[in-house]
Amino acid sequence: MTTHLYLVRHAIAGARGPAWPDDSLRALTPKGAARMRLITERLADRGVSVTRVLSSPLVRARQTADIVAAAWMARPRVEVLEELAPGSTPSRVARALASLPLDGPPALVGHEPDLGRLAAWLIGADAAIPFKNGGVARVDLEGGLSAGGGRLVWLLTPKMVIDG
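Note on numbering: residues in each chain are counted from 1, in written sequence order. Under the rules for a predicted model, residues below a pLDDT of 70 receive no local features and side-chain atom pairs below 80 are neither given nor counted, while totals for whole chains, interfaces and linings still include all residues. Just so you know, side-chain values use all the structure's heavy atoms and leave hydrogens and water out.

> Hey, could you run me through the overall build of the protein chain in this one?
The secondary structure listing takes helices from DSSP runs of H or I that are at least 4 residues long and strands from runs of E that are at least 2 residues long, numbered from the N terminus. The secondary structure content of the protein chain amounts to five helices and six strands. Put simply, the protein chain runs from its N terminus to its C terminus through helices and strands in the order β-α-β-α-β-α-β-α-β-β-α. We compute the radius of gyration from the C-alpha atoms alone; for a globule the expected value is 2.2 Å times N to the 0.38, where N is the number of residues. The C-alpha atoms of the protein chain give a radius of gyration of 15 Å, which matches the 15 Å a tight globule of 164 residues would have. Reported as C-alpha extents along the three principal axes, the dimensions of the protein chain are approximately 45 × 35 × 30 Å. Of all 164 residues assigned to the protein chain, the portion counted as buried reaches 46%. Should any heavy atoms of two residues lie within 4.5 Å, those residues are counted as being in contact. Counting only contacts in the protein chain whose residues sit at least 6 apart along the sequence, the fraction spanning at least 24 positions is 71%. Where accessible areas are quoted, they stem from the Shrake-Rupley method and a 1.4 Å probe; at the residue level, only the protein chains shown are allowed to cover. When the accessible area of the protein chain is evaluated, it comes to approximately 8000 Å², of which 55% is carbon and sulfur surface. Burial here depends on accessible area, computed with a 1.4 Å probe over protein chains only, as a share of the maximum for the residue type. Under 20% is buried, over 50% is exposed, and the range in between is partly exposed.

Put into structure tokens, the structure is as follows:
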């Protein structure tokens, strides 16, 4: 059985610096939130759907996850997955996912460069796959989460979704 896994990089957030001394609290910008709503609406219109949204605990990722969940009629619940926080490893994320019941395609909302490393690990690539803010990828998994056990079906930048 094939499982679709959607990887989503958080949308555009406020710039690092004195305004955000605690990086974990950086929020989405109004432009970032608006672009992410448009991206998820367009993906939903094209038949993409998820049954679960798992997010990094950082504010910008949780806000993005809320936008992602709102795009679908079923309104999947947003759950924090600590392993999606910056600095985690692909194998830790895979172990955490394997412990969860997945009754359909999940969306994982995270950060760079970790999301790119996870994508590369899943498909057996040597180098991280770069994600733009608001970028989305679909990886198909055959028979579970393992290094090299997935296939990258598509990787979309926000511009491709919005302008396409």
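From this point, things continue past the structure.
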